[in-house]
Amino acid sequence: MRIGIFDSGVGGLTIYQAVRSALPSASFAYCSDNEFHPYGTKSDEAVANRTLDVCARFVAAARPDLLVVACNTASTVALALLRSRLSLPVVGVVPAIKPAAAKSATGVIGLLATPVTIRRQYVEELIQQFAGHCHVVRAGSSRLVELAEEKARGGDIAVAAIHAEIAPLFVEYPQVGKNLRLDTIVLGCTHFPLLLDELRAAAPWPVQWIDSGNAIASRVSQLIQESGSRLPASAPDGDSIAWVTRMDPAASLLAPMMRRFGFNSMRQLP
Ligand code: DGL
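Just so it is clear, the structure is predicted and the values come from calculations on it, not from any experiment.

Novice: Explain the packing of aromatic side chains to me, using residue names and the numbers behind them.
Specialist: Counting across every chain of the model gives seven aromatic pairs. Where tyrosine 16 meets phenylalanine 263, the ring centres are 4.8 Å apart and the plane angle is 50°; that geometry is what we call tilted. Linking tyrosine 16 in helix H1 (residues 12–22) with phenylalanine 263 in the loop between helix H12 (255–260) and strand E10 (265–268), this pair joins segments that are 247 residues apart in sequence. Each of the two residues, tyrosine 16 as well as phenylalanine 263, counts as buried. For the ring pair phenylalanine 36 and tyrosine 39, a centre distance of 5.7 Å and an interplane angle of 75° mean the geometry is edge-to-face.

What follows is the structure in structure tokens.
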């Protein structure tokens, strides 16, 4: 059983981590579309077409049994299309609005995601369905995506840079109620959990940070169980491959981090 994890960059590693701890004996392949990155500033049509193209090439090269689209930006526009075109189960990622609404005590929730994700109709529907009783405030940031990529390449990240991106969420909301402050933030972009330490340090007051990793790991485990597939008793020997769409010097700088995550070999996707 091989699980393919796709993202526009390194963000999907946060989903991979959760899936891998739930299914430690599965084998994994990773794909980063570093050539077209970032997705969060591009049109829906461009992201949908590109996701379809790269996922088809990834599936052909890596032959996974199941594909996780570990990117909120791609999932919210391309999931239906991918499922109709690819002949393997496809799991997508959406912002964890539901668990956040259940966990918030004040009912004031922040959604931190890419600029296109926060505007998506799909996200609006999630909020209406699961967080109707909450006040959801949104902040779109592509800078945080870049900072996460920078960190993955070994760069130092200034807490002040993170603070500038999240500060708009940490204000008073007198329309909601006196002294009711934001207490929960949904990390609606898979890159953002890579910056969790910096986000915690930059937050003006402590909040709960909720990502989608565990929900995706449960969904993948459930699908594998339903399919009757049996996982081997231990993880397979040999290379887990991380595919990139462009092998360039910036991609090579990611190699040490990829190795830490268990991807010993990096190749350019044909
Ligand atoms: N990791 C992606 C997500 O979850 C987006 C990053 C990008 O803008 O490419 O939305």
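Novice: Describe the site of the ligand, and please don't skip the residues or the numbers.
Specialist: Around the ligand, 14 residues are found, and the nearest of them are Ser8, Tyr39, Gly40, Thr73 and His191. The backbone of glycine 40 places a nitrogen or oxygen atom 2.7 Å from an oxygen atom of the ligand. Between the ligand and the protein, one listed contact pairs a nitrogen atom with a side-chain N or O atom of histidine 191 at 2.8 Å. When the ligand sits alone it has 300 Å² of accessible area, and the protein chains cover 99% of it. With respect to the pocket detection grid, the ligand is positioned in the largest cavity. Classifying every residue of the shell around the ligand gives five nonpolar, eight polar and one charged.

Novice: Help me get a handle on the pattern of salt bridges, residues and values and all.
Specialist: Enumeration according to the criterion identifies seven salt bridges in this entry. One salt bridge connects arginine 50 with aspartate 33, and the closest N-O pair in it is separated by 2.7 Å. Pair noted here: arginine 50 is in helix H2 (residues 44–62) and aspartate 33 is in the loop between strand E2 (27–32) and H2, with a separation of 17 residues, a long-range link. For arginine 50, a relative accessible area of 14% gives the class buried. We note a salt bridge from glutamate 124 to arginine 138, for which the minimum N-O separation is 2.8 Å. Of the two residues, glutamate 124 sits in helix H6 (residues 121–130) while arginine 138 sits in strand E6 (residues 135–140), which places them 14 residues apart along the sequence.

Conventions adopted
- Residues numbered from 1 in each chain as written.
- Predicted model: local features only at pLDDT ≥ 70, side-chain atom pairs only at ≥ 80, totals over all residues.
- Heavy atoms only, no water.
- Phe/Tyr/Trp six-rings, centres within 6.5 Å; stacked < 30°, edge-to-face > 60°.
- Helix = DSSP H or I, 4+ residues; strand = E, 2+ residues; numbered from the N terminus.
- Buried < 20%, exposed > 50% of the residue type's maximum accessible area, 1.4 Å probe, protein only.
- Near = heavy atom within 4 Å.
- Polar contact = N/O pair within 3.5 Å; in protein donor to acceptor, adjacent residues only side chain to side chain.
- Areas by Shrake-Rupley, 256 points an atom, 1.4 Å probe, with all protein chains shown as cover.
- 1 Å grid on protein atoms, 1.4 Å probe; cavity = no way out; pocket = protein on both sides within 12 Å on 5 of 7 lines; lining within 4 Å.
- Sits in = over half its atoms within 2 Å of the grid points.
- Nonpolar A, V, L, I, M, F, W, Y, C, P; charged D, E, K, R; others polar.
- Salt bridge = Lys/Arg side-chain N within 4 Å of Asp/Glu carboxyl O.

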